[in-house]
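What the coordinates show
Listed here are the chains, written in short residue letters.
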Amino acid sequence: MMPAASPIHDTAAYGLYVLLEELAAQGVDGTSVLRSAGLRTLKGQLTQPQRLALLKAASDASHDPLTALNAGQRQRVHHFGVYGFALATSPTFGDAFTFGRQNLELAGAVLRITYRREGTTGILRSHNPGALGTLLPFAAEFWRSSMVTLLSEILEQPFPSTLMRFPYPRPRQADAYASVFNCPIEFSAEQMEWHFDASVLERPCPSANSLTANICQDFCEAMIASEDAPTPLQRELRSFVLGNAGRRTTADEAAQAVGFSKRTMFRRLADEGTSFQEVLDQTRASLACEYLENTRLPTSEIADRCGYGDEANFRKAFRRWREVSPSAWRARH
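Every value quoted in this text rests on a predicted model; they were computed, and no experiment measured them.

A separate point is the overall build of the chain. Assigned secondary structure in the chain consists of 16 helices and 5 strands. Against the 2.2 N^0.38 benchmark of 20 Å for 333 residues, the chain shows a C-alpha radius of gyration of 21 Å, consistent with a compact globule. Taking the principal axes of the C-alpha coordinates as reference, the chain spans close to 65 × 50 × 30 Å. Look at the contacts in the chain between residues 6 or more apart in sequence, and 69% of them connect residues 24 or more apart. Per element, the accessible surface of the chain, about 14900 Å² overall, is 46% carbon and sulfur. Both charge centroids of the chain, one from 35 positive and one from 36 negative side chains, sit 3 Å from each other.

Below you can see the structure in the form of structure tokens.
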């Protein structure tokens, strides 16, 4: 079961909530940090200026030079919501890496990043880092620490970084860089780059599930491209349903996971023109269609994987979703 979310944050907030967790450990009130950044909560997709404002407020409030590095090490896949699940369930790490780069907005990148390969080395380059001014070291530490931690969790082993280059002088906390990034570090570099062993792209993801990956990627693309994209609350609920697809999902559990009472969750969904049952049905329908179209699994097993212990109930639900039987859908597609 996915860890419960906090009412103060949203899984579309690019993993920024861990900054508030790290500051809280230093006795800094998260609400005051948000207020300094001009934010009330981390609900919803943040704009580039809002992300930078929060990084600046966190940097100003910090009492520890290791704040950004330590916050990044708190990251987990679920902190990135559907984006994180899309990466973790990709067939290979190369698939995850490609999708991740194509949707870097959802990873919270604050600079344009390009990728190239030189022999056996993969190189990520951050462009125009000077645009961040004095915020650059804090932002670079947080983003790279976050990504190293996230990618290592997806691989279930340390990410094979081979070199990190930073275009600013050696900071007083430089000794911590080596232990966090586990590779040689260059300061005052001409370019801001991250080198790694490109053979990692061939490795399978331990949590690979192409069906879940496809659904999560569709959700991510909708979040970016569609004016009718699901709201933050609906995205969190879909993440929860996908993370618990193999068992019956109750409204009480879902409400707890997104940080609301059941009554409040129902009211907010009603204000958004939908309901918990509709979100649940939409997610299960997408999952069921993926199984029917792309596997030879019997209907009974698909029913079980979609949270239905009874195949007859699943068949009835599928007819309600798609107006045809599961077998007819499979034959048609």
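Before going further, it helps to examine the pattern of salt bridges. Side chains carrying opposite charge are able to pair once their charged atoms draw close together. In this structure the tally under the stated criterion is 11 salt bridges. Between Glu22 and Arg74 there is a salt bridge; the shortest N-O distance is 2.7 Å. With Glu22 in helix 1 (residues 17-25) and Arg74 in the loop between helix 4 (67-72) and helix 5 (81-88), the pair connects residues that are 52 residues apart, well separated along the chain. Accessibility expressed as a relative area gives 8% for Glu22, which makes it buried.

Turning our eyes to something else, we now look at the pairing of strand 1 (residues 113-118). With 6 bridges connecting them, strand 1 and strand 2 (residues 121-126) associate as antiparallel partners. Residue pairing in the sheet places Glu118 in a bridge with Thr121 of strand 2. Connecting the antiparallel pair strand 1 and strand 2 is a turn made up of 2 residues, with Gly119 showing a positive phi of about 65°.

What follows is about the packing of aromatic side chains. Applying the stated criterion across every chain yields a total of 22 aromatic pairs. Both rings, one in Phe159 and one in Phe196, keep their centres 5.3 Å apart while their planes meet at 50°; by these two values the pair is tilted. Of this pair, Phe159 sits in the loop between helix 7 (136-155) and strand 3 (161-165) while Phe196 sits in strand 5 (residues 192-197); the two residues are 37 residues apart in sequence, bridging distant segments of the chain. Given the relative accessible area of 5%, Phe159 is considered buried. With 6.0 Å between their ring centres and 35° between their planes, Phe166 and Phe181 make a pair best called tilted. Of this pair, Phe166 sits in the loop between strand 3 and helix 8 (175-181) while Phe181 sits in helix 8, and the two are 15 residues apart along the sequence. For Phe166, a relative accessible area of 0% translates into the label buried. Taken together, the ring pairs in this structure connect Phe93, Phe97, Tyr115, Phe159, Trp194 and Phe196 into an aromatic cluster.

Turning to the packing of helix 13 (residues 276-294) against helix 15 (residues 311-322), a few remarks are in order. Look at helix 13 against helix 15: their axes get within 10 Å of each other, and the N-to-C directions meet at 100°. With respect to helix 15, the element helix 13 is oriented roughly perpendicular. Every residue of helix 15 that contacts helix 13 at Asp281, Arg284, Ala285, Ser286, Ala288, Cys289 and Leu292 is listed here: Phe314, Phe318, Arg320, Trp321 and Arg322. Classifying every residue of the contact of helix 13 with helix 15 gives 7 nonpolar, 1 polar and 4 charged.

Turning next to unusual backbone geometry. For Asn182, which is not glycine, the phi dihedral falls at a positive 55°. Within the fold, Asn182 resides in the loop between helix 8 and strand 4 (185-186). For Asn182, a relative accessible area of 56% puts it in the exposed group. One non-glycine residue, Ser188, lies in positive phi territory at about 55°.

In terms of burial, strand 5 is largely enclosed, as 5 of its 6 residues are buried. Alignment of strand 3 against strand 5, held across 4 bridges, turns out to be antiparallel. The partner of Leu163 across the bridge, within strand 5, is His195.

What follows is about the sheet that holds strand 3. The strand order across the open sheet built from 5 strands is 1-2-5-3-4, with neighbouring strands paired in mixed fashion. Strand pairing shows two members of the sheet lacking a second neighbour, strand 1 and strand 4, which therefore form its edges. The pairing of strand 3 with strand 4 spans 2 bridges and is parallel. Pairing of Arg165 across the sheet is with Glu186, part of strand 4. Lying on the sheet, helix 7 is in contact with strand 1, strand 2, strand 3 and strand 5; it crosses strand 5 at an angle near 15°.

Pairs of packed helices are described in terms of their axes, by the angle between the two and the distance that separates them. Where helix 3 (residues 48-61) meets helix 7, the closest approach of the two axes is 10 Å, and the angle between their N-to-C directions is 105°. Regarding the angle of helix 3 to helix 7, the classification is roughly perpendicular. Taking contact as the criterion, the partners of Leu55, Ala58 and Ser59 in helix 3 are, on helix 7, Phe138, Ala139 and Phe142. Residue composition of the contact of helix 3 with helix 7, by class: 5 nonpolar, 1 polar and no charged.

Rules of the game
- Residues numbered from 1 in each chain as written.
- Predicted model: local features only at pLDDT ≥ 70, side-chain atom pairs only at ≥ 80, totals over all residues.
- Heavy atoms only, no water.
- Helix = DSSP H or I, 4+ residues; strand = E, 2+ residues; numbered from the N terminus.
- Rg over C-alpha atoms; globule rule 2.2 N^0.38 Å.
- Contact = heavy atoms within 4.5 Å.
- Areas by Shrake-Rupley, 256 points an atom, 1.4 Å probe, with all protein chains shown as cover.
- Lys, Arg positive; Asp, Glu negative; His and termini not counted.
- Charge placed at Lys NZ, Arg CZ, Asp CG, Glu CD.
- Salt bridge = Lys/Arg side-chain N within 4 Å of Asp/Glu carboxyl O.
- Buried < 20%, exposed > 50% of the residue type's maximum accessible area, 1.4 Å probe, protein only.
- Pairing = 2+ DSSP bridges.
- Phe/Tyr/Trp six-rings, centres within 6.5 Å; stacked < 30°, edge-to-face > 60°.
- Axes fitted to C-alpha atoms, helices over the stretch in contact; angles between N-to-C directions.
- Parallel < 35°, antiparallel > 145°, perpendicular 65-115°, else oblique.
- Nonpolar A, V, L, I, M, F, W, Y, C, P; charged D, E, K, R; others polar.

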